[in-house]
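Structural overview
What follows is the residue order along each chain.
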Amino acid sequence: MKKAYEVTFKDGNELKTATVKGYTLIGALCKCSDYMNVYEDVVAVNEISFERYHALNTASAIREADTWEECENECAELCRLAGMESEWREADGETFEEVLIEAAKKLNVEF
């Protein structure tokens, strides 16, 4: 059965995090080597739950979007994962960012 892993690696002077799936820790590291070319720069690899994996990838999709409209579904999903669906539904154009930031804090993710 595949497991989810959070990989921290050096990118210049910064530390970055990526998520990968693999059957084993070695499999996760091979994915780093095959797809991200960061094998030598890996600092840490931690097994994570699939819920955390989903939250990290949802936050990444929000971060990569150019506009809020492009990631509206991902924003709603992040709030759902944080148990803040009602707050998200009640948010308007002035308050949705506050709700989203609170959801990210609850899930310990950045966007």
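To start, this report covers the structure provided alongside it. The structure displayed is predicted, hence computed values, not measured ones.

**Remarks on the sheet that holds strand β2 (residues 14–22)**
Here we have three strands laid out as an open sheet, ordered β2-β1-β3, and antiparallel in their pairing. Edge strands, defined here as strands with exactly one partner in the open sheet, are β2 and β3 (42–48). Between one strand axis and the next, the sheet turns through 20° on average, direction left out of account. Its contacts with the sheet place helix α1 (residues 25–36) against β1 (3–11), β2 and β3, and it is angled at close to 120° to β2. Seen against the sheet, helix α2 (residues 50–64) touches β1, β2 and β3 and runs at an angle of roughly 130° to β2.

**What about helix α3 (residues 72–81)?**
Every buried residue of α3 is listed here: Cys75, Leu78 and Cys79. Down the axis of α3, the buried set is contained in an arc of 95°. They therefore lie on one face. Where α3 is buried, its residues contact α2, α4 (85–90) and α5 (96–107). Positioned one or two residues after α3, Gly83 has a phi angle of 75°, which is positive.

Thresholds, definitions, all that
- Residues numbered from 1 in each chain as written.
- Predicted model: local features only at pLDDT ≥ 70, side-chain atom pairs only at ≥ 80, totals over all residues.
- Heavy atoms only, no water.
- Pairing = 2+ DSSP bridges.
- Helix = DSSP H or I, 4+ residues; strand = E, 2+ residues; numbered from the N terminus.
- Axes fitted to C-alpha atoms, helices over the stretch in contact; angles between N-to-C directions.
- Contact = heavy atoms within 4.5 Å.
- Buried < 20%, exposed > 50% of the residue type's maximum accessible area, 1.4 Å probe, protein only.
- Arc of directions from axis to C-beta.

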